[in-house]
Amino acid sequence: MASGGEAAAWVPQEEGLREICGLLQQQMAPTADDMSAVWQKLEHYSQFPDFNNYLAFIFARAEGISVEVRQAAGLLLKNNLRSALKTMPPANQQYIKLELLPCVGAADKQIRSTAGTIISTFVQIGGVAEWPELLHALVKCLDSNDVNHMEGAMDALSKICEDVPQVLDSDISGLSERPINVFVPRFLQLFQSPHATLRKLALGSVNQYVMLMPTVLSVSMDKYLQGLFLLANDPTPEVRKLVCAAFVQLIEVRSTVLEPHLRNVIEYMLVVNKDQDDEVALEACEFWSAYCEAELPPENLREFLPRLLPILLSNMAYSDDDESIVEAEEDGSLPDREQDLKPRFHASRFHGSEDVEDEDDDIVNVWNLRKCSAAALDFISNVFGDEILPTLMPIVQAKLSATGDEAWKDREAAVLAFGAIGEGCINGLYPHLSEIIAFLVPLLDDKYPLIRSISCWTLSRFSKYIVQGTAHREGHDQFDKVLTGFLRRLLDDNKRVQEAACSAFATLEEEAAEELVPRLDVILQHLMCAFGKYQRRNLRIVYDAIGTLADAVGGELNQPKYLEILMPPLITKWQQLSNSDKDLFPLLECFTSIAQALGTGFLQFAQPVYQRCISIIQTQQLAKADPISAGSPYDKEFIVCCLDLLSGLTEGLGPGIESLVSQSNLRDLLLQCCMDDAYDVRQSAFALLGDLARVCPVHLHPRLAEFLDVSAKQLNSPKLKETVSVANNACWAIGELAIKVRKEMSPVVLTVVSALVLILQHPEGLNKSLIENTAITLGRLAWVCPELVSPHMEHFMQSWCIALSMIRDDIEKEDAFRGLCAMVRANPSGALNSLVFMCKAIASWHEIRSEDLHNEVCQVLHGYKQVNAQGWSMGTMHVRFGATCEGQATEVSTAMILVFGEFSLYAVLQDSQCHSCHLVCCFLGTNYWRHFQLGMRLGDEFQHLSYWTLKFNTSGLESCSIVVFIGKLVFYTRMCLFELGYTSCK
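Residues numbered from 1 in each chain as written. Predicted model: local features only at pLDDT ≥ 70, side-chain atom pairs only at ≥ 80, totals over all residues. Heavy atoms only, no water.

Looking at an unreviewed UniProt entry, one finds the protein chain named Transportin-1 and attributed to Salvia splendens.

Overview of the overall build of the protein chain
Condition: Working definition: helices are DSSP H or I runs of at least four residues, strands are E runs of at least two. Numbering for both runs from the N terminus. Burial classification: accessible surface area is computed with a 1.4 Å probe over protein chains only, and a residue below 20% of its type maximum counts as buried, one above 50% as exposed, and the rest as partly exposed. Any two residues whose heavy atoms approach within 4.5 Å are treated as being in contact. Shrake-Rupley sampling with a 1.4 Å probe provides the accessible areas, and residues are treated as covered by the protein chains on show and by no other component.
Of the regular secondary structure elements, the protein chain holds 50 helices and four strands. Taken across its 986 residues, the protein chain has 55% of its residues classed as buried. For the protein chain, long-range pairs separated by at least 24 residues make up 73% of all intrachain contacts whose partners lie at least 6 apart in sequence. For the protein chain, the exposed surface amounts to about 43800 Å²; the carbon and sulfur share of it is 51%.

Quick look at a negative patch on the surface
Heads up, the condition is: Only residues whose relative accessible area exceeds 30% and that form no salt bridge enter a patch; like-charged residues are grouped when within 9 Å of one another, and nonpolar side chains (Val, Leu, Ile, Met, Phe, Trp, Tyr) when within 5 Å. We define a salt bridge as a contact between a side-chain nitrogen of Lys or Arg and a carboxyl oxygen of Asp or Glu at a distance within 4 Å. Residues counted as positive are Lys and Arg, residues counted as negative are Asp and Glu, and His and the chain ends are not counted. Lys charges are placed at NZ, Arg charges at CZ, Asp charges at CG and Glu charges at CD.
On the surface, Glu 510, Glu 511, Asp 544 and Asp 551 cluster together to form a negatively charged patch. For the negative patch, the secondary-structure elements that each account for two or more residues are helix 29 (495-512) and helix 31 (536-553). Inspection of the secondary structure puts Glu 511 in helix 29. Judged by its relative accessible area of 39%, Glu 511 is partly exposed.

Focus: helix 19 (residues 305-315)
Among the residues making up helix 19, those that are buried are Leu 305, Leu 308, Leu 309, Ile 311, Leu 312, Leu 313 and Asn 315. On the buried face of helix 19, the contacting elements are helix 16 (262-272), helix 17 (278-293), helix 18 (299-302), helix 21 (369-384), helix 22 (389-400) and helix 23 (408-420).

Things to note about the packing of aromatic side chains
Put simply, the test is: Two rings from Phe, Tyr or Trp (for Trp, the six-membered ring) form a pair when their centres sit within 6.5 Å of each other. Planes less than 30 degrees apart are called stacked, planes more than 60 degrees apart edge-to-face, and all others tilted.
Inspection of every chain in the model, using the stated rule, returns 19 aromatic pairs. Measuring from ring centre to ring centre gives 5.9 Å for Tyr 430 and Tyr 465, while their planes differ by 70°; the resulting arrangement is edge-to-face. Here Tyr 430 is found in the loop between helix 24 (426-429) and helix 25 (433-443), whereas its partner Tyr 465 is found in helix 27 (residues 463-468), with 35 residues between them in sequence. You can call Tyr 430 partly exposed: its relative accessible area is 47%. A relative accessible area of 21% means that Tyr 465 is categorised as partly exposed. Seen in terms of ring centroids, Trp 574 and Phe 591 are 5.2 Å apart; in terms of plane orientation they differ by 80°. Their pairing is edge-to-face.

Quick look at the pattern of salt bridges
For the coordinates displayed, the defined rule picks out 45 salt bridges. A salt bridge links Asp 275 to Arg 240, with the nearest nitrogen and oxygen atoms 3.1 Å apart. Highlighted residues: Asp 275 in the loop between helix 16 and helix 17 and Arg 240 in helix 14 (residues 237-253), separated in sequence by 35 residues. Grouping residues by exposure puts Asp 275 and Arg 240 together as buried. Measuring nitrogen to oxygen at the nearest pair gives 3.8 Å for the salt bridge that ties Arg 818 to Glu 856. In this pair, Arg 818 sits in helix 46 (residues 811-826) while Glu 856 sits in helix 48 (residues 851-867), placing the two residues 38 residues apart along the sequence. The same class applies to Arg 818 and to Glu 856, which are both buried. Members of the salt-bridge network, linked through shared partners, are Asp 445, Arg 452, Arg 488, Arg 489 and Asp 492.

Overview of the nonpolar core
As a reminder of what qualifies: Only buried residues count toward a nonpolar core, which is a set of Ala, Val, Leu, Ile, Met, Phe, Trp, Tyr and Cys residues joined through side-chain atoms within 4.5 Å.
By size, the foremost hydrophobic cluster in this structure holds 316 residues, and its most contacted members are Tyr 224, Trp 288, Leu 570, Phe 602 and Met 838. If near-sequence neighbours (up to four positions away) are discounted, Leu 570 is found in contact with Met 528, Phe 531, Tyr 543, Ile 546, Leu 587, Cys 590, Phe 591 and Ile 594.

Describing the confidence of the model for the protein chain
Put simply, the rule is: As a per-residue measure, pLDDT reflects the predictor's confidence and takes values from 0 up to 100.
Predicted confidence across the protein chain gives a mean pLDDT of 84, with 83% of residues reaching 70 or more. Predicted confidence for residues 355-364 stays below pLDDT 50, and this span has 16 contacts to residues more than four positions away or in other chains. Within the model, pLDDT remains below 50 along residues 899-986, and this stretch shows 173 contacts once partners closer than five positions in the same chain are excluded.

Comments concerning the environment of Gly 424
With respect to the helices and strands, the residue Gly 424 is situated in the loop between helix 23 and helix 24. With 45 residues separating them in the primary sequence, Gly 424 and Phe 379 have C-alpha atoms 7.8 Å apart. The contacts of Gly 424, once residues within four sequence positions are left out, are Ser 381, Asn 382, Gly 385 and Asp 386.

Here's the deal with the side chain of Ser 205
For clarity, the threshold we go by: The term polar contact refers here to a pair of N or O atoms within 3.5 Å; inside protein, the definition further demands a hydrogen-donor-capable atom paired with an acceptor-capable atom, and it admits residues adjacent in sequence only when both atoms are side-chain atoms.
Looking at the secondary structure, you find Ser 205 in helix 11 (residues 196-207). When its relative accessible area of 0% is taken as the criterion, Ser 205 is described as buried. Within the structure, Ser 205 has its side chain in polar contact with the backbone oxygen of Leu 201 (distance 2.8 Å). For Ser 205, the contacting residues outside a window of four places in its chain are Met 154, Leu 157, Ser 158, Cys 161 and Phe 187.

Quick look at the structure:
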């Protein structure tokens, strides 16, 4: 290899050049035997500092070398830059850059395109500040009249705009303005180019900045819109597709700029939604969903619905050349090809409430015009509801009544339409739902597999209402028909139908829950028959259906007759699969649900399952360090699934897991997983840590300090928002440990509390569950170490109490309030300035079931009442406790009712502009709640509007008096909220 030195002086050696070109030639068409040898030699050459110079030379100027070899050199150079650029000698970097720039205008399109890819990689890694010549060269090319140079520059810029758009929209040292200010006007000018490639690349580049909206694009918006309308009927489909994409982005993030042109845009989208090019029609179809999601005024779209709905229904039918039609005919007995197996991703265990959107697993696996049209109809039905039915239903009914083999696609599309509007139009469909379901059930046995499969999906969309109907005889019979129909289709010979039936049945299971118990025997027999029949891909869905069944029926599954059907096939499969087989993943997930459902009933299967999980985790941790010694490549999914199964075992067996833990090295493996660099491994590890802390904390004790330390670090992570689920589980685990080891938490209490307080005070971008667990863990720490936490309480009382008020009643909330009471006892003055917030938190209880906690809360409030008896008056509270409005003071009164069962409130109001008085009281009797609402409004007549609501309307009143007194009864008030808007109120 040649030595480094000055970039301009570098010259390749002929022998090295010839050798590398030969290897690249071999790499392009290798045999099985020499593939490895080629890569080993290339890897060897890559150790030389100037190897990438050789690649740049071959790509840019090697004479007599084919374009294919030159392109291969360029792509290998691009890949090498990702790992080597930051450590590459500056001289070599400069040489490569100098060789690349002339390639931007190369005569060969492949060379130009590859040069653009390499340039974009340079910019991604190093930015443009270190390559000032690049921007000047690209501008020069764009301003030339040479089409090759213009296309080459646009190709490179389009890739930069797609990969790192923010780089061009930033201040660069040495430049008087941001690069994007130079390029956007040129892009817009190229909208009028006679060359389709330039129009496409320019429009695509500008579209990348709609979300970022730099100033130059904002001030050029009129010109951008003019350009879009100019290109709207471009003869090139790729350009029309980009026009549609631009309108979709604008309606999502800059809808105001489209308002003056909205009618024209909608008219255009209606036309291109029928474009002969499916890709253009698909992009246009995205507009309707985007419009609905943006929550724009429905009236703008309403008048177009009679034209839009037929287009959507037409596009929902399978096209004659749709690959799904061919695939749907595949025999279920044929083994799956490797490419048929979609990648699967395990969701790590998460403790707490999490806002997760349920996505319907449509039987269409590829996003296409059919699926997009169905999604648009779904969105439209949710916006317009039943008002679309008069237009839609005649079309649907006509398609359903079509006869003959050629009409099956229309019938299938009509069934899909029912499913799409199943949520948004449910009010209008509900009176006819039994007839709709009665019509759909026979379609489960249609001769066309795609009609059978879509009927499964559509029926599953009505699962909630099918289950609700079981309260009466007819509905009960209908539920049985749907259930048995799904079970028949589970055993269908068609793979597509099997998949749809299994997914639909899982959806029905989630809704039906205990309704499935009387039918468990027949359900399990069908599931296990399907288990023995399915090929690998659909077998994964059976595992999910079994796990969902276990979640739905819980302990009812723990009967010998059911376990004899369920467990033997699963155990046989468990034994057949090796520890490195990825088909083990869904089985591990399935066992997790079964273990939780069976509880101690799983004990008979627990030991081999537990031991294998430990073995797999050990093997994978070894593979991470040394794959050769481990005998298999590292895959973190194995660790995550095993940790979650161990959590399921711990939750199911409870203290029964202790004997297994004591005889293993789980503690050390778990600590290692808690420190893993993969966030999903840590997430599952902390979930298991919390579960173990609940049932056998003694086995964590030898390394307790280390567990606490690593848990606390998750709360202080600078990437907290990116790893919020890890922090959530770590936070919960700390709380579980705290109530078990109590004073042993002392060394880390203040460190943890400081992190928890920061989370409560800056909750932006964090999920609900982390806020709740933070509030609970803070309370638990205060409960076990009040002397350490209480001196600091005034700094976090308000944000903490706000978070506590949002938590549902449960044992964890009780723990948190024990901490609250303990802190107030230790430092009463620390809560004085936050009394209103504390009372709001207390008032959030529906019922404090624990008698001792109830007594503690009573003592706390009674103490404050004694200290400041007159302070319970609303007027005084404004001064003494910092209440800023009558509504806040109400929280104090509510808390008093909650704990004392008595209420006396005097208020003087100053606002005479409000004309409503709304008092809501919810009383709890001995065993039940009674909700009572009393409203008083100005008017001229008296009305009894509902069972629980009385509205008194009077006239001529400028003031009114309300005296509410509740005697010393043993009952509670759930909430007391009111708005009083009169000149005086006592």
